[in-house]
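Commentary on secondary and tertiary structure
Here's the letter readout for the chains.
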Amino acid sequence: AGVKSMKLDDKNDEIIGMITVDPQDEEVSVMVLSEKGNGKRSSLEDYRITNRGGKGVKTMQITSKTGALVAIKAVTDLDELMVTTMDGIVIRIALSELRVMGRATQGVRVIRLDDNDSIADVAVIARDGSEEEE
């Protein structure tokens, strides 16, 4: 049957993802993206370790302007983020362009979306640092 991983308060709450990180790796940060195109990077130091069955840690200020969270990724400055919308628009952004900010902030606009569009998928493209820029 397993064990309870997280306690959800509301029937509309859901788990959108999970990342595993080495707490000693200072290069890794947490990237989250909302359905209306806002995103942000936060330092691992901003998150406390929780026990099984806990309520989690707030990672983004959710408002009607940001929409619900749709993705969480572990990233570094060398990585790039590829965001695909429901309308088929794809953007690729270097994560070095997004500054690391506080855990409970709204974030910044990562992609501008039409009112009827939303984020379909988010992928991290890892670079090893030895590749030359085009």
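Please refer to the structure placed before this passage.
I will try to describe carefully the structure that is included in this document. (Residues numbered from 1 in each chain as written. Predicted model: local features only at pLDDT ≥ 70, side-chain atom pairs only at ≥ 80, totals over all residues. Heavy atoms only, no water.)

1. As for the overall build of the protein
What counts, and what does not: Here a helix means four or more residues in a row that DSSP labels H or I, a strand means two or more in a row labelled E, and each is numbered from the N terminus. For the radius of gyration, the atoms used are the C-alpha atoms, and the globule rule reads 2.2 Å times the number of residues raised to 0.38. Exposure classes here rest on a 1.4 Å probe applied to the protein chains alone. A residue is buried below 20% of its type maximum, exposed above 50%, and partly exposed in between. Using a 1.4 Å probe, accessible areas were evaluated by the Shrake-Rupley method; residue-level cover was limited to the displayed protein chains. Charge convention: Lys and Arg are scored as positive, Asp and Glu as negative, and His as well as the terminal groups of each chain are ignored. Every charge is mapped to an atom, namely NZ of Lys, CZ of Arg, CG of Asp or CD of Glu.
Of regular secondary structure, the protein possesses 0 helices and 7 strands. Going residue by residue from the N terminus, the α and β elements of the protein occur as β-β-β-β-β-β-β. A compact globule built from 134 residues should have a C-alpha radius of gyration of about 14 Å, and the protein, at 16 Å, falls within 12% of that. Reported as C-alpha extents along the three principal axes, the dimensions of the protein are approximately 50 × 40 × 30 Å. Here the protein, with 134 residues, has 29% of them falling under the buried criterion. About 9,100 Å² of surface is accessible on the protein, with carbon and sulfur atoms providing 45% of the total. Across the protein, 18 positive and 25 negative side-chain charges occur, with their mean positions spaced 11 Å apart.

2. Thoughts on a nonpolar patch on the surface
As a reminder of what qualifies: Each patch is assembled from residues with relative accessible area greater than 30% and no salt bridge, linking like charges that lie within 9 Å and nonpolar side chains (Val, Leu, Ile, Met, Phe, Trp, Tyr) that lie within 5 Å. Basic side-chain nitrogens of Lys or Arg form a salt bridge, by our definition, when they fall within 4 Å of a carboxyl oxygen of Asp or Glu.
A cluster of nonpolar side chains, Met 6, Leu 8 and Ile 15, forms an exposed patch at the surface whose accessible area comes to about 240 Å². Take Ile 15: it is sitting in the segment before strand E1 (29–34).

3. Notes on the sheet that holds strand E4 (residues 80–85)
Pairing between the strands of a sheet is mediated by backbone hydrogen bonds and can be parallel or antiparallel. Our working rule: Strands were regarded as paired on the criterion that DSSP finds at least two bridges between them. To get an axis, fit a line to the C-alpha atoms, keeping to the stretch in contact for a helix; angles then go from 0 to 180 degrees between the N-to-C directions.
A sheet is described by the order of its strands in space; here 3 strands give the open sequence E5-E4-E7, paired in antiparallel fashion. Every other strand in the sheet has two partners, leaving strand E5 (90–94) and strand E7 (119–125) as the edge strands with one partner each. Averaged over all pairs of adjacent strands, the angle between strand axes in this sheet comes to 20°, irrespective of strand direction. As paired strands, E4 and E7 are joined by 6 bridges and run antiparallel to one another. In the strand pairing of E7, Met 82 is matched with Ala 123.

4. Concerning the nonpolar core
Applicable threshold: Remark: nonpolar core denotes a set of buried residues (Ala, Val, Leu, Ile, Met, Phe, Trp, Tyr, Cys) joined through side-chain atoms within 4.5 Å. For this analysis, residues touch if any pair of their heavy atoms sits within 4.5 Å.
Ranked by internal contacts, the top residues of the largest apolar core, which has 14 residues, are Met 31, Leu 33, Leu 81 and Ile 119. Among residues more than four places away in sequence, those in contact with Met 31 are Gly 39, Lys 40, Arg 41, Ala 71, Ile 72, Lys 73, Val 75, Leu 81, Leu 95, Leu 98 and Val 110.

5. Some points on the pairing of E5
Here 5 bridges tie E4 to E5, and the two strands are oriented antiparallel to one another. Paired with Glu 80 across the strands is Ala 94, a residue of E5. Adjacent in sequence and paired antiparallel, E4 and E5 are bridged by 4 residues, among which Gly 88 carries a positive phi angle near 95°.

6. Re the environment of Lys 7
As for its position among the elements, Lys 7 is in the segment before E1. Residue Lys 7 is classed as partly exposed on the basis of its relative accessible area of 42%.

7. Some words on the side chain of Thr 66
Our working definition: By the criterion applied in these results, polar contacts are pairs of N or O atoms within 3.5 Å in which, for protein atoms, one can donate a hydrogen and the other can accept it, and in which residues neighboring in sequence qualify only through two side-chain atoms.
Relative to the assigned elements, Thr 66 resides in the loop between strand E2 (38–43) and strand E3 (69–75). Overall, Thr 66 belongs to the buried group, its relative accessible area being 0%. One polar contact links the side chain of Thr 66 to the main-chain amide nitrogen of Thr 63, over a distance of 3.0 Å. Once residues within four sequence positions are removed from consideration, Thr 66 is found in contact with Ser 34, Glu 35, Lys 36, Asn 38, Gln 61 and Gln 106.

8. A look at the sheet that holds E2
If you walk across this open sheet you meet the 4 strands as E3-E1-E2-E6, and the pairing is antiparallel. The open sheet is flanked by E3 and strand E6 (108–109), the only strands paired with a single partner. Pairing between E2 and E6: 2 bridges, direction antiparallel. The partner of Gly 39 across the bridge, within E6, is Val 108.

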